[in-house]
Amino acid sequence: IGGFYPDDQSRHMQSVIDDKIDEHDLDSVVTCLDLVPKAELPRYLSGLDVYLNFTHRNLALTGMGSAAKEGMACGCALVTYDEPDVSYVVDDGNNGVIVPYDNVDTIVDRLETLCEDDEYRKQLSQQGRNTVVTNFSPSAIRNSVLQYCHEIVERHHG
C-alpha cells in the first residue's frame, strides 16, 4: 500500500500506521519506504497492489490529486476517501473504491476484500488504469483542450 507525503498531516497518519504495524507484529510483511524520487515513482507504484489515497479534508485544493491518478495509471487498485468529492474520477466498485472518511470499519472491510479477492482487485486496477488513460493522459488532455478551443471559436465566429 502506498500513498504518503512528508507533510504534517501524513506524519501523524504514518505514526498511527507504525503503531499498528508494531501492535500486530507485521514488520515481516510490511515495508515502509522513505520518500521515493519522482522519477522512480512509476516503478514503485507498479509494484503495489493497492494505492490508499490519504486525501485530507479542509485543504484549499479540491478533488483528487495527481498522485492517486498516477497510482491508477500504474495498475494499483485505488482506495480513496469520499471527501473531497472524487466522483469525477472514481466510480465506486468499478474503477476504484470510495470509503467514508470517518468510518474505520468500512475502510478495513474494503481493504480486507481487496486483499482476499485477487480478481476483484485486478478488475479495479485495470478499470482504473483505463479511466486515467482515457481521461487524463497527455493525449486525452490535448484532445479536451483542442475541443474546448474549437467550441470557443465556434461560439465567437459561428
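This text goes with the structure placed above it.
Numbers given to residues run from 1 along each chain, matching the order in which its sequence is written. Given that this is a predicted model, residues contribute local features only at a pLDDT of at least 70 and side-chain atom pairs are listed and counted only at 80 or more, while totals for whole chains, interfaces and linings are drawn from all residues. The side-chain figures draw on all heavy atoms in the structure; neither hydrogens nor water molecules are used.

A. Spotlight on the overall build of the protein chain. Along the backbone of the protein chain there are six helices and three strands. We count a stretch as a helix when DSSP gives it H or I for four or more residues in a row; a strand needs E for two or more, and each element gets its number in order from the N terminus. For the protein chain, the sequential pattern of α-helices and β-strands runs α-α-β-α-β-β-α-α-α. Across the 158 residues of the protein chain, 31% fall into the buried class. Within the protein chain, residue pairs in contact and separated by at least 24 positions form 56% of the contacts whose partners lie at least 6 positions apart. The protein chains shown are the only cover counted for residues, whose accessible areas, like all others here, come from Shrake-Rupley with a 1.4 Å probe. Entry remark: accessible area of the protein chain is about 10300 Å², with carbon and sulfur atoms responsible for 52%. Throughout this description, buried means an accessible area under 20% of the type-specific maximum (1.4 Å probe, protein chains only), exposed means over 50%, and partly exposed covers the range between. Two residues form a contact once any of their heavy atoms are found within 4.5 Å.

B. Seen up close, the pairing of strand β1 (residues 50–53). Side chains V50 and L52 project from β1 onto one buried face, and the interleaved Y51 and N53 project onto a second face that is buried too. We call two strands paired when DSSP finds no fewer than two bridges between them. With four bridges connecting them, β1 and strand β2 (residues 77–81) associate as parallel partners. Looking at β2, one finds that N53 is bridged to T80.

C. Structural detail: the pairing of β2. Extensive coverage of β2 is indicated by the burial of five of its five residues. Neither face of β2 is exposed, since A77, V79 and Y81 on one face and L78 and T80 on the opposite face are all buried.

D. Examining the nonpolar core more closely. The definition of a nonpolar core used throughout is a set of buried Ala, Val, Leu, Ile, Met, Phe, Trp, Tyr and Cys residues joined through side-chain atoms within 4.5 Å. Counting 16 residues, the largest nonpolar core has L45, Y51, M64, M72, L78 and V90 as its most contacted members. At the level of elements, α2 (41–45) and α3 (66–73) are the ones that each hand at least two residues to this core. Here this core takes three residues from α3, the largest share from any one element. In contact with L78, other than residues within four places in its own chain, are Y51, N53, M64, A68, M72, V90, G96 and V97.

E. Representation of the pattern of salt bridges. When a carboxyl oxygen of Asp or Glu lies within 4 Å of a side-chain nitrogen of Lys or Arg, that pair is called a salt bridge. Tallied over the full model, the rule gives four salt bridges. Across the salt bridge formed by R43 and E40, the nearest N and O atoms sit 3.5 Å from each other. Here D118 makes a salt bridge to R121, at a shortest N to O gap of 2.9 Å. Separated by three residues within a single helix, D118 and R121 lie in helix α5 (residues 118–136), roughly one turn from each other. In this structure R121 comes out as buried when scored by relative accessible area, which is 11%.

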